[in-house]
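The primary structure of each chain is shown beneath.
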4 protein chains.
Amino acid sequence: MVIVMQPSAQPADVQTVVDRVEAAGGQAFVSRGVRRVIVGLVGDVETFASLDIGAMPGVAQVTRVSTEYKLVSREHHPERSVVRVRGVPIGPDTVTLIAGPCAVETPEQTLAAARMAQSAGATMLRGGAFKPRTSPYAFQGLGEAGLRILADVREETGLPVVTEVTSAHDVEMVAGYADMLQIGTRNMQNFALLQAIGETRVPVMLKRGMNATIQEWLMAAEYIAQRGNLEIVLCERGIRTFETATRNTLDVSAVPVVQHLSHLPVIVDPSHSGGRRELVLPLSRAGIVAGADGLIVDVHPQPELALCDGAQALIGKDLDELAKAVVDLTAYMGRTPARRRYRSAS
Amino acid sequence: MVIVMQPSAQPADVQTVVDRVEAAGGQAFVSRGVRRVIVGLVGDVETFASLDIGAMPGVAQVTRVSTEYKLVSREHHPERSVVRVRGVPIGPDTVTLIAGPCAVETPEQTLAAARMAQSAGATMLRGGAFKPRTSPYAFQGLGEAGLRILADVREETGLPVVTEVTSAHDVEMVAGYADMLQIGTRNMQNFALLQAIGETRVPVMLKRGMNATIQEWLMAAEYIAQRGNLEIVLCERGIRTFETATRNTLDVSAVPVVQHLSHLPVIVDPSHSGGRRELVLPLSRAGIVAGADGLIVDVHPQPELALCDGAQALIGKDLDELAKAVVDLTAYMGRTPARRRYRSAS
Amino acid sequence: MVIVMQPSAQPADVQTVVDRVEAAGGQAFVSRGVRRVIVGLVGDVETFASLDIGAMPGVAQVTRVSTEYKLVSREHHPERSVVRVRGVPIGPDTVTLIAGPCAVETPEQTLAAARMAQSAGATMLRGGAFKPRTSPYAFQGLGEAGLRILADVREETGLPVVTEVTSAHDVEMVAGYADMLQIGTRNMQNFALLQAIGETRVPVMLKRGMNATIQEWLMAAEYIAQRGNLEIVLCERGIRTFETATRNTLDVSAVPVVQHLSHLPVIVDPSHSGGRRELVLPLSRAGIVAGADGLIVDVHPQPELALCDGAQALIGKDLDELAKAVVDLTAYMGRTPARRRYRSAS
Amino acid sequence: MVIVMQPSAQPADVQTVVDRVEAAGGQAFVSRGVRRVIVGLVGDVETFASLDIGAMPGVAQVTRVSTEYKLVSREHHPERSVVRVRGVPIGPDTVTLIAGPCAVETPEQTLAAARMAQSAGATMLRGGAFKPRTSPYAFQGLGEAGLRILADVREETGLPVVTEVTSAHDVEMVAGYADMLQIGTRNMQNFALLQAIGETRVPVMLKRGMNATIQEWLMAAEYIAQRGNLEIVLCERGIRTFETATRNTLDVSAVPVVQHLSHLPVIVDPSHSGGRRELVLPLSRAGIVAGADGLIVDVHPQPELALCDGAQALIGKDLDELAKAVVDLTAYMGRTPARRRYRSAS
C-alpha cells in the first residue's frame, strides 16, 4: 500500500500515519519529495485497509498494491488450472464447447437442442430451469421440473449438465441434478450464494457481472475459493456500456487479462453478449483466438417459439460453421477440442 | 408494441407477423411507408413479448411502448404514495432524514451515532449488521448480534431502524428486529430476495443497482409489489460510470424522472455515491431541491476508527450544516421535515 | 510518481529503473516489502512520463501522484478565480444566470428569447450560430449572420453574449462579435481550437466532454491556460452513461470536486444534460446548492417551432420559478445574483 | 418515424400531430390501442425531425426508424466497398496490415519501424506527426518535419503512408505528404475537419470516438461522404467503459455490426484499445476472425525509448507471431493478405 500525502501535510500528519501503521504491526517507509511525501507500507493489506488511512489528516491518496484476491491469483498458483466436469476438461490445453437452450421448456425441446449441440461438437449441455428475469411477468423457468428434464437428457446423450442456481437456499437441490452450477451475471455479488457454493465441491461457472470490473469478478471467485471450492470456471458474457447496438459489449480483452492474473479457466458466452444470432459466430471465433478455454452457446430447435432469448439462438447451418470454427481455430491455437474422458475414479 | 419491418421484408413476412399476433389474441395495424412497413400492436404486451417477434423473418426492430411495470407506475396510481415506518412518513409532503453508522460495531458506537443522527434532525436510524463486501477478507458485519444492538438503540432513542438484508433466507429473522428492510445495490436483482420481501408486509428501501437503468430499478420494485408488498421506498445511491474521481456518480436527475414514472417515494444517499465526506453536504442539498423525499446519510462518532466506509461518515460541525440544510431547503420546497406520529392503530 | 515492481522482479530490474530515473535528473527511493519493491520518484513528472517506465522489465504498475495540470490547479492558485464578461462576474461570490435560445434562428426569435432571459434574471445571453450536429442533414446554424443577430440583440438589451466556436479558423471572427467564446462538448479535446483560444484574451466557457473525466477536462483547460488565457469558466453539462432515460447524466458531484481541484469557476447546464424541459428546474436548483457559480439555460419563445432542441427549452411560467430559485437559493448559499458592473476600464 | 402518444393524450393532440406532419408534406397513420394511440409517419425523416414532435402536447415518445445516414449505409449501397491506397486494397476480400510507430521521432527510428512492419507482412505504414495529447506538456509530434520523414521512408520502402490530421486548416498540407489521412478518436465529431476532408479525394481512416455509438460513428462518416469523398475506412479502436484494467475496451462486436449496416471497410486497432503489448496479439487475432478488413498496429524498434505509447508497441518475436496470425487466419476467413497492385492508371 502506498500513501501519498497532500502538499499541505504537516510532519505531524506523516508521523500519525507512520504511528498507526506501526501500531497495527506494519512497517512504513517515508520518501520525501520536493512537494510531497510518500509513505510505502509493508505488512498485511487487510489490516491496513481497516485503518481507513484515507480519512486521516493530510492524506491525499491511498493506492493498494498487492492484489486483494489470493487463492484464485496466478501469483499464488502459477500453473493454469483445469476444471473437470464429469470427465470433460476445461483448461489451457483444450477448447470446451458447451451448448443448449437458454431455458428448458419441454423434454422434446431440450433433447432436440442437446442433439444439435452434439452435432456442433459440444461436450457439455447448458439449459436454464431457474431464469432470473428483469420482469416478474416474464417466464421464470420450470424450476425443479426443468432440472429433471436436464437429468433425463444427460442420461440419453451422455452430456454433463451446467445449469443456473439463483439462491443459496437452492444450492443443494440443484447440485443434486447438475454437474456444474452456474452463477448468473446478476448474482455475481450475491455473496450468500457464492459462499453456499463455496461450501460444496461441485464445479461452478461464475459469469461476470455486467457491471463488474475484472478485479471485482476475481474477488467474487475468491469468495467461493475461500470456502474451499476451487473448481471455478470464469465466463465473460459482455459488460454494460453506452453502446446500444448490441445487448452488451463483449469484453474480449478480458480473456487474456484474466489469464494473466488468475489460474482459473475462462470461457466466453457469445450469445448473451451480442444478443443477436448473426453475432454469435464472429464472437465465438474471436473468443477462441483470444485464448478462451471454451464457449457457451445458445441453441434452440425452433428459436421463433422460444420462451426466452430466441433471437440469439443458433440454428441449422450456423451450427456447422460453429463446429468448423471450433475444430479449426482450436487447432490453430495449439489445443484440442475437449472430449469426455471416463476416469476410473469418477 | 411497434414492429418495424426491414426494407427487404416481403408481404408474406408482414402477414406472418400479423397472423401470429392475431393468433395470440391481439390486433395488428399495418402502416406502409415508401421504404418500410410498420406494424402497431394492440393487446397484452406480455403475451406479445413471449412471441419473440424480433426473431421473425423480415423484422428489423421491436419497440415496446407500454411500461412493463404496473403496480409501481404512476399510470396505475396517479397519487404519490406515503410509506410510514413506525409512524415516520416518507412521501411527497415531507423530507425524512435517516442517519446512522455504515456498520454496527459496538453498542456504544451505535448509540453515539444515533445521538448524532438525532442532533442533525434524523427521525430514523440506519445501520448495517450484514455487510456485503467486495472482498471476503473485509469486515462482514456482526450479523444477528448487530441487529440486537440496533433494537436496543431504538429502545433508547425512539428511532425506527432500517437495516440491510442480503439473503431470502434471513428475511424473517431480520424483519423481527427492523422497522424497514434495506435491499442493497448489489442485490437489486436478487429476485429470490425481492420475492421473499414481497411476501412480508414490512416497509422496504430498495437501493438502485449501480448498473441499473431506471426501468430495471422500477421492475425490481415491481417484483416486490407483485407479491403484495407496496410499502417500497426507492433510494438513488449513484451509478457506475467512467468517472473515477467519485466512487459512483450520483444521478440526481433520477429523482424527478422516477417521480414522473412511479408513485413510490424516492430518497437519496449522498454518502455512498460520493464516497467522500466533503461531498455529502453539497449532494444532500442537491437531493432535497431535486425533489427527494428524504436522505440517508452515514454518521460515525470516530470515523477514523470505523470498520467500514469511515471516509464518508459525517462528523461534528458537518452535522450542524446538514441539520440547517434539511430545515431550510425542506421549507423552500414547501415541505416539512418528517416527524414521527404515534398512531393509535400502529 | 510511484513505481510498483512485480513480485518476480529481479534486483537488476529495480536497479535499471533507478538508473534511468537518475540519468533523467530525478531521485528514486526504494522501499522493499515482503513480496514487492516500491520505488518513489522525486523530480519532474513530465520527464518521468516520457521514460515510459511502465514498459520496463519487472515493473507492475506506475501511479502518477502530482497533478498534471498546473496553471488551473488550486495548488498553484489557492484563491478561487472570478472571470468577468463585460462586467458580469462569474465566480465564488455570485450565481450568474446565462440564458437564451439553443440556436439563433431569426432576429425576432433571438430578441424575444433575450427578453425572456432577462425576465428570469439572466445577465448574459447564450445563443448558437455554429451548431455542431450529429447529422450533416440537421440545421447547422446561421453562421456569421447569426453572430450579427446576437450583436444586435446585445445592443438592444445590454446582455453580454456567449456563443460557440467550432474551429480554430473561426476564432478571430467569432471573437469579433462575442463577449465569451464557448467550446462545446464534442470539441473539448480539439486541441487546435483550445490553443487558438488560448492565444486570445477573450473569456471562454469550456464545456465538459460528455465522455471526459474531470482530470481530462482540467487538462483541456490547461491547454488554454498554457497559451496565456486564464479567463476560463468550466461548464458541467452531463456525461454519457448507460442510462437512457435522460439524454446525459448530470454529474452534479463534479461541481464540488472541480472546485476542490481548480480555482476556475464552474457552472452547470441543466438543459442539455437532462434533455427534457421538466428536468431543467430541479437540476438548476440542484446545481446552485451544489455550489455552482452559475447556470446556462435554454429558453425559446416558441419551443415547438425551434430548429434545435426545442424539447428542453423553458417557457413562460417555468421562467418565473427559475427566477425565484436563482434568487432564493443564491441567498441560501450566501451569494448574490451576478449583476453587470460598468467599469471605467472596460 | 413512429409517434407514441401518452395515455392521457386528447384526440385534439393526436390531430395536431397529424396536421403538422401533413403540413410538412408527410403522411400520418393513426393506430388506436386500448390505452394508447400510435402514429406512424411516412415521408422525409429529416423534415420530421425538424418539427420536434417530441415537444408537442400529448406526445410520449418518438422513435426514428429509417437510418439517418444514407451514403455510407448498406441499404444505399449493398455491395461492400474496397478503398485503395496507392494500390493497396482495404476491403472484403483481403486483410490489410498497417503498422509503424505511434509517433515519428527520427528518420532512423521511422525507417527501422517500417522495416519491422514489412517483416510482419505490413503493406502500409502508420506514423504520427501531429499527436493530440491529453496534456499540453506531453510530446506533440514533429509536425511537418515528421511528414517529410514519412515521405522519405515511403520512398525507401514502397509502403504507402497513413498519418493523422488534427485540424481542418492542415488538411491540404498533410494530404501533400500522406496517402491516407487519419481522423483520431478525439476528432471523430470535429465536423469542420470531417467536412474539409470530405472536400478532398484522399482516402481517410476514421477512428471511432471512444465515446461514440456506432450510429454516431456512421453519421460522422456521412459528414465526409456528403461532401463527395467516399474513400472512407472505419477503424474500431476501443471504447470507454468502467473497466480500467485495459486502456479502452475493444468492441470487437462492432466489426460485424458495422459491416451489416454500412458498405465501408472496417479495420481494428489492437494497440490503442488494449494499451498493453501482451494484448496486441490476442486482439489482432480476434479482430481478423470477427471479420475485420485489416489491422493497424504499433511497432517500435526500441519501445522503452519511445516518446509516445511505448508500452503497447510490438517488438521482435511478437512480430513473427503477428505475421503468422495474419497469414493463417486470413486464409481461414477465405481472404488473402492485401498486397500492393501497381495499376497503370494510378
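Residues numbered from 1 in each chain as written. Chains lettered and ligands numbered in written order. Predicted model: local features only at pLDDT ≥ 70, side-chain atom pairs only at ≥ 80, totals over all residues. Heavy atoms only, no water.

Per an unreviewed UniProt entry, chain A is named 3-deoxy-7-phosphoheptulonate synthase, and its organism is Actinophytocola glycyrrhizae.

Description of the packing of helix α3 (residues 107-119) of chain A against helix α4 (residues 144-157) of chain A
Packed helix pairs are characterised by how far apart their axes lie and by the angle those axes make with each other. Residues and elements named next belong to chain A. Worth spelling out the cut-off: In this analysis, axes come from line fits to C-alpha atoms, helices being fitted only over the stretch in contact, and the angle between any two N-to-C directions falls in the range 0 to 180 degrees. Each helix is a run of DSSP H or I of at least 4 residues and each strand a run of E of at least 2, with the numbering of both proceeding from the N terminus. Here the word oblique covers every angle except those under 35 degrees (roughly parallel), over 145 (roughly antiparallel) and from 65 to 115 (roughly perpendicular). Should the near helix be turned anticlockwise from the far one by less than a right angle, the crossing is left-handed, and should it be turned clockwise, the crossing is right-handed. Two residues form a contact once any of their heavy atoms are found within 4.5 Å. Residues were grouped as follows: Ala, Val, Leu, Ile, Met, Phe, Trp, Tyr, Cys and Pro as nonpolar; Asp, Glu, Lys and Arg as charged; and all remaining residues, including Gly, as polar.
Viewed as axis vectors pointing N to C, α3 and α4 meet at an angle of 45°, and their least axial separation amounts to 10 Å. Between α3 and α4, the interaxial angle falls into the category oblique. Here the hand of the crossing between α3 and α4 comes out right-handed. Residues Pro107, Thr110, Leu111, Ala114, Arg115 and Gln118 of α3 form the contact with α4, whose participating residues are Ile149, Leu150, Val153, Glu156 and Thr157. A per-class count over the contact of α3 with α4 returns six nonpolar, three polar and two charged.

A short note on the relation of the copies chain A and chain D
Heads up, the condition is: Here the copies are matched by least squares. The fit uses the C-alpha atoms of residues with pLDDT of at least 70 in both.
If you rotate chain A by 180° and push it 0.0 Å along the axis, it lands on chain D with an RMSD of 0.1 Å. Expressed as an axis order, the relation between the two copies is that of a two-fold axis. The rotation axis passes nearest to the C-alpha of Ala286(A) in chain A, at a distance of 2.0 Å. A share of 100% of interface residues in chain A that are also interface residues in chain D marks the association as one of identical surfaces.

Structural notes on the domain arrangement of chain A
As a reminder, the rule being used: The source of the domain bounds is an automatic or database domain assignment.
Here chain A is described as being made up of domain 1 (2-63) and domain 2 (83-337). The gap between the C-alpha centroids of domain 1 of chain A and domain 2 of chain A is 44 Å.

What about the sheet that holds strand β3 (residues 37-42) of chain D?
Each strand in a sheet pairs with its neighbour through backbone hydrogen bonds, running either in the same direction (parallel) or in the opposite one (antiparallel). Residue and element names in this part refer to chain D. We count it as follows: Here, any two strands with at least 2 DSSP bridges between them count as paired.
Overall, antiparallel pairing links the four strands, which are arranged β2-β3-β1-β4 in an open sheet. Every interior strand has two partners, whereas the edge strands, β2 (27-32) and β4 (59-63), have only one. With direction set aside, neighbouring strand axes in the sheet form an average angle of 20°. In terms of strand pairing, strand β1 (residues 2-5) meets β3 through three bridges, oriented antiparallel. When the bridges of β3 are listed, valine 4 appears paired with isoleucine 38. Docked against the sheet, helix α1 (residues 11-23) engages β1, β2, β3 and β4, running at close to 160° with respect to β2.

Brief notes about the sheet that holds strand β1 (residues 2-5) of chain B
Residues and elements named next belong to chain B. Here we have four strands laid out as an open sheet, ordered β2-β3-β1-β4, and antiparallel in their pairing. A single partner strand is all that each edge strand has here, and the edge strands are β2 (27-32) and β4 (59-63). On average, each strand axis in the sheet is inclined to that of its neighbour by 20°, with strand direction left out of account. Set on the sheet, helix α1 (residues 11-23) makes contact with β1, β2, β3 (37-42) and β4; between it and β2 the angle comes to about 160°.

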